[in-house]
Amino acid sequence: MRILLVDDNKTNLALLTHLVERLADCQAVPFLRPDLVLEQVPQLKFDIAIFDFQMPGMNGIELMKALVSLEQYREKAFVFVTGATDIDTRMAALNCGAMDYLTKPINPLEFSARVRNLVALADARNKLADRAAWLKSEVDKATAELKDREHEIIDRLTMAAGYKDPETGKHTQRVGAYAEAIALAYGLDQEVATDIRWAAPMHDIGKVATPDAILLKKGKLTDEEFNEMKQHASIGYQILAGSQSKLLQLAAEIAGSHHERWDGTGYPQQRRRFDIPLSARIVAIADTFDALTVARPYKPAWSFEDAVAYIVSCADSHFDPACVVAFSFAKPRIRDIMQDYEDQAEEHPLLAACL
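Residues numbered from 1 in each chain as written. Predicted model: local features only at pLDDT ≥ 70, side-chain atom pairs only at ≥ 80, totals over all residues. Heavy atoms only, no water.

This part covers the overall build of the protein. Summing up its helical and strand segments, the protein has 15 helices and 5 strands in all. In summary, the protein has a C-alpha radius of gyration of 32 Å against a globular reference of 20 Å for 355 residues, an excess of more than 25%. Residues counted as buried form 42% of the 355 residues belonging to the protein. Restricting the contact set of the protein to residue pairs at least 6 apart, pairs at least 24 apart contribute 62%. (Helix = DSSP H or I, 4+ residues; strand = E, 2+ residues; numbered from the N terminus. Rg over C-alpha atoms; globule rule 2.2 N^0.38 Å. Buried < 20%, exposed > 50% of the residue type's maximum accessible area, 1.4 Å probe, protein only. Contact = heavy atoms within 4.5 Å.)

Dropping the structure here:
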């Protein structure tokens, strides 16, 4: 147990050090001046602190406040030692959070008894903190395992959707990567952006219910066929909704709303503006950008620049203007992602067909 001792009087500091080192399993960490203590922060380690109340430059209360401003010292036990006996000094020490108060001259027996009690308390606190850290570690481990299982479920569902249309599988992976880049540029934190990247590939899962004659048609869809195709958004939501998994709930949100438009002319519910979930507003841009830049039997691939210009031109109509701004900021990363997938297709054509 490390006990920090601070007293500007060398004789008093020597006495305190001697008394501490007589206690079992206790190590004294002595300092003559408060500024020397602060120079060692944050590397300084201690379990209990015993300060002289009155010291030049900085008194014990000021030193304690400086230390407890750092999270690592907030739960430590602090004790003041002083020759003052007035009630104001005693109350000032206790009111600032000190756990005990000793008066000079130090009685060795009283000092030893009180410090032993504080050592027992500090030991109990340390064990509790260790237990809390272990529990947090176990919770983090279980959470990571749950995330891994969720990711596996999403990968396999996305793979299943890709069996009907191999291009769908590649498309969904790219959309996830683009959506993450836009989310980060929008200002979302990495954890949220990563969740969007994992959930976004599920946006077209409802196409498993779309007839092959429509899904794989080479030419333009008739109005009736297009209305049938549009059902995939509602079907995708129904497949994913109701899950206890937050990631699948996010995927349901995206699947059901990624074809809604900022101006309310989208489908399936004609939502508009902020009634459309942010995740879906982001994925709508990623989805459209990828659809434009990939060649299909019924259309050639657009250039990166033309696709970007189209997305920008649709701000405030098809797309959320703020998300379009984020898309513009993310252009370098989006270009890199696009190039990475093109390189994979050239170097590993069989692997690329499974992406």
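So, about the confidence of the model for the protein. Residues of the protein with pLDDT of at least 70 account for 91%, and the chain-wide mean is 85. Mean pLDDT values over the elements of the protein span from 44, in helix 15 (residues 349-352), up to 95, in helix 13 (residues 321-329). (pLDDT = per-residue confidence, 0-100.)

The next thing to look at is the sheet that holds strand 3 (residues 48-52). Spatial ordering of the open sheet is given by 2-1-3-4-5, a layout of 5 strands whose pairing is parallel. Looking along the sheet, the strands with just one partner apiece sit at the ends: strand 2 (27-31) and strand 5 (100-103). Neighbour to neighbour, the strand axes of the sheet diverge by 20° on average, direction disregarded. In the sheet, strand 1 (residues 2-6) pairs with strand 2 via 5 bridges, with the strands oriented parallel. Following the sheet pairing, V6 is matched in strand 2 by F31. Against the sheet, helix 1 (residues 10-21) contacts strand 1 and strand 2, and its axis sits at roughly 165° relative to strand 2. Sheet strands in contact with helix 3 (residues 60-68) are strand 1, strand 3 and strand 4 (77-82), and its direction is about 165° off that of strand 4. (Pairing = 2+ DSSP bridges. Axes fitted to C-alpha atoms, helices over the stretch in contact; angles between N-to-C directions.)

Judged by side-chain polarity, I87, M91 and L94 come together as a nonpolar surface patch covering roughly 260 Å² of accessible area. Among the structural elements, L94 can be located in helix 4 (residues 87-95). The class for L94 is partly exposed, based on a relative accessible area of 36%. (Patch = residues over 30% accessible without salt bridge, like charges linked within 9 Å, V, L, I, M, F, W, Y side chains within 5 Å. Areas by Shrake-Rupley, 256 points an atom, 1.4 Å probe, with all protein chains shown as cover. Salt bridge = Lys/Arg side-chain N within 4 Å of Asp/Glu carboxyl O.)

Judged by nonpolar contacts, the single largest core of 45 residues is most densely connected at I182, L240, I285, F289, F327 and I334. Contributions of two or more residues to this core are made by helix 6 (166-186), helix 7 (190-199), helix 10 (246-257), helix 11 (278-293), helix 12 (304-313), helix 13 and helix 14 (331-347). Contacts of I182, omitting those with residues within four sequence positions, involve I282, I285, A286, C323, A326, F327, A330 and I334. (Core = buried A, V, L, I, M, F, W, Y, C linked by side-chain atoms within 4.5 Å.)

Another aspect to go through is the pattern of salt bridges. This model, assessed by the stated rule, comprises 11 salt bridges. For R114, the salt bridge identified is with E110, shortest N-O distance 2.9 Å. Of this pair, R114 and E110 both sit in helix 5 (residues 108-162), 4 residues apart, which is roughly one turn of that helix. On the accessibility criterion, R114 (28% relative accessible area) is partly exposed. Here E110 falls in the partly exposed class, since its relative accessible area comes to 36%. With its nearest N and O atoms 3.6 Å apart, the salt bridge here joins R261 to D263. Looking at R261, the relative accessible area reads 25%, which means it is partly exposed.

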